[in-house]
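Take a look at the letters that make up each chain.
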Amino acid sequence: RQVSLNGILAVGLTFVILTGGIDLSVGSLVAVTGVVVGSMLIDGASWYVAAITGIVISLLFGVFNGVMIAYCSLPPFIATLAGQTIGRGFALVFSDGKPFAVTDKAFLNIGKGAFLGIPIPIWILFVVCVVAGIVLNTTTYGRHVYAFGGNRNATKLSGVKTKFVEMMVYIISALMAGIVGVILAARISSGQPTAGSGYELDAIAAVAIGGTSMSGGIGTLSGTILGFIIIGVLSNSLTLLNVSSFYQQIVKGAIILIAVLMDMRSKRKE
């Protein structure tokens, strides 16, 4: 259940990083989705209406990020950093800094239930990975994502709508964040305005460990899957060994640094 959240976020970030971009806003979008869903459930909305609405709000933030980066030519780091700050502020203002307690059993089943003995979040992760794998490996859009990350100018000259390709990866990333926001709210039985803090670090680490080049164009979804499994095992192992969460942050940061250095060294050899 724990690995599934980071896994879904990492799948979305794989698309972004394959284009040579970065998305720092996903953690705050998890919180945005959670408080919207929690608020609607308290007001008596159906769980599926609340879940869809929360994901749509997250998608709107993704559209904002994509437009700022693709059409306004803002650097991805700056645009998504702004998105992260705005999203976190929105969650705090919307909830007045207080969590929304969730009691709808049908909704809570999304995060706590199981189907055929397997937790539902794992089923959602499986579906996300299968669909993302099909998109990346068998569709024209997937090929355009790789081409864009490999050589943006050549891709544009070949007639590809590069701005649309770039914008869509941030929408996909926001969609994954919205899904995680719904699952997390169901797991912890509340919409927390502070939820998702630091989630982007784990997701970026998973993508980097999985072999996706931070400069874009190189990487596989199977590598990302291996990456978030490694991060999950590492986090749980450090917790079982009673290693402080503060030190765990240092370890994860070091992992990202090592992965990028290894990527740079391999490119120099080529």
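See the structure above.
A brief structural summary. Numbers given for residues are sequential positions, taken from 1 along each chain in its written order. With pLDDT at 70 or above as the cut-off, local features in this predicted model cover only qualifying residues; side-chain atom pairs require 80 or more to be listed or tallied, and sums for whole chains, interfaces and linings still use all residues. Side-chain figures throughout are based on the complete set of non-hydrogen atoms in the structure, without hydrogens or water.

Attention now moves to the overall build of the chain. Where helices and strands are cited, they refer to DSSP runs of H or I of at least four residues and of E of at least two residues respectively, numbered from the N terminus. Within the chain one finds 12 helices and four strands. Based on C-alpha atoms, the radius of gyration is set beside the globule rule, defined as 2.2 Å times the residue count to the power 0.38. Expected size for 270 residues packed as a compact globule is a radius of gyration near 18 Å; at 18 Å, the chain falls within 12% of this value. Along the first, second and third principal axes, the C-alpha atoms of the chain reach 55 × 45 × 35 Å. Relative to its full complement of 270 residues, the chain shows a buried share of 49%. Contacts are assigned to residue pairs with any non-hydrogen atoms lying within 4.5 Å of each other. Intrachain contacts of the chain at a sequence separation of at least 6 include 77% that bridge at least 24 residues. As displayed, the chain offers around 12500 Å² of accessible surface, 69% of which is attributable to carbon and sulfur atoms. The charge count includes Lys and Arg as positive and Asp and Glu as negative, but it does not include His or the ends of the chains. For charged residues, the charge sits on one atom: NZ in Lys, CZ in Arg, CG in Asp, CD in Glu. One finds the centroid of the 16 positive side-chain charges in the chain at a distance of 6 Å from the centroid of its 9 negative side-chain charges. Burial classes follow relative accessibility: with a 1.4 Å probe on protein chains only, a residue under 20% of its type's maximum area counts as buried, one over 50% as exposed, and anything between as partly exposed. Areas reported here follow the Shrake-Rupley algorithm with a probe of radius 1.4 Å; residue values treat only the protein chains shown as occluding.

Quick look at the packing of aromatic side chains now. Under the pairing criterion, centres of Phe, Tyr and Trp rings, with the six-membered ring standing for Trp, must be within 6.5 Å; the plane angle then separates stacked pairs below 30 degrees from edge-to-face pairs above 60, leaving the rest tilted. According to the stated counting rule, one finds five aromatic pairs in the structure shown. Geometrically, the ring pair formed by Phe94 and Phe100 is edge-to-face, given 6.3 Å between the ring centres and 65 degrees between the ring planes. Accessibility expressed as a relative area gives 37% for Phe94, which makes it partly exposed. Centre to centre, the rings of Phe115 and Trp123 are 5.7 Å apart; their planes meet at 65 degrees, and the pair counts as edge-to-face. Here Trp123 falls in the partly exposed class, since its relative accessible area comes to 29%. What links up through ring pairs into an aromatic cluster is the set Phe61, Phe90, Phe94 and Phe100.

What is meant by a nonpolar core is a set of buried Ala, Val, Leu, Ile, Met, Phe, Trp, Tyr and Cys residues, joined one to another through side-chain atoms within 4.5 Å. Ranked by internal contacts, the top residues of the largest apolar core, which has 66 residues, are Phe15 and Phe107. Sorting elements by how many residues they give to this core places helix 9 (residues 162-188) first, with 14 residues. When sequence neighbours within four positions are dropped, the list of residues in contact with Phe15 reads Ala132, Val135, Leu136, Tyr141, Val145, Val169 and Ile172.

Let us look at empty space enclosed by the protein. Note on definitions: the grid is 1 Å and covers protein atoms alone; a cavity is a set of points where a 1.4 Å probe fits but cannot get out; a pocket is an open set with protein on both sides within 12 Å along at least five of seven lines; lining residues have an atom within 4 Å of a point. Grid points are joined across faces, edges and corners, and a volume is the space filled by probe spheres set on the points. Under the defined criterion, the tally for this structure stands at one cavity of 30 Å³ or more. Its boundaries defined by the atoms lining it, the largest cavity holds a volume of some 30 Å³. Every residue lining the largest cavity is listed: Val30, Gly34, Gly181, Leu184, Ala185, Ile188, Ser190, Gly191, Gln192 and Ala195. No other element matches the four residues that helix 9 contributes to the lining of the largest cavity. Polarity classes work like this: nonpolar for Ala, Val, Leu, Ile, Met, Phe, Trp, Tyr, Cys and Pro, charged for Asp, Glu, Lys and Arg, and polar for all others, with Gly in that last group. In terms of residue class, the lining of the largest cavity is made up of five nonpolar, five polar and no charged.

Looking now at the packing of helix 1 (residues 2-18) against helix 10 (residues 199-209). Interaxial angle, 0 to 180 degrees, is taken between N-to-C directions of lines fitted to C-alpha atoms, where a helix line uses only the stretch in contact. The interhelical angle for the contact between helix 1 and helix 10, taken along N-to-C directions, is 65 degrees, at an axis separation of 8 Å. Pair helix 1 / helix 10 crosses with right-handed handedness. Contact residues: helix 1 offers Leu5, Asn6, Leu9, Ala10, Leu13, Thr14 and Ile17, while helix 10 offers Tyr199, Glu200, Asp202, Ala203, Ile204, Ala206 and Val207. In the contact of helix 1 with helix 10, the residues fall into 10 nonpolar, two polar and two charged. Crossing handedness is read from the near helix: turned anticlockwise from the far helix by less than a right angle, it gives a left-handed crossing, and turned clockwise, a right-handed one.

Criterion for a salt bridge: a side-chain nitrogen of Lys or Arg within 4 Å of a carboxyl oxygen of Asp or Glu. In total, this model carries one salt bridge according to the counting rule given. Across the pair Glu166 and Arg152 runs a salt bridge whose closest N-O atoms are separated by 3.7 Å. Of this pair, Glu166 sits in helix 9 while Arg152 sits in helix 8 (residues 152-157), and the two are 14 residues apart along the sequence. According to the relative accessible area criterion, Glu166 is buried, its value standing at 6%.

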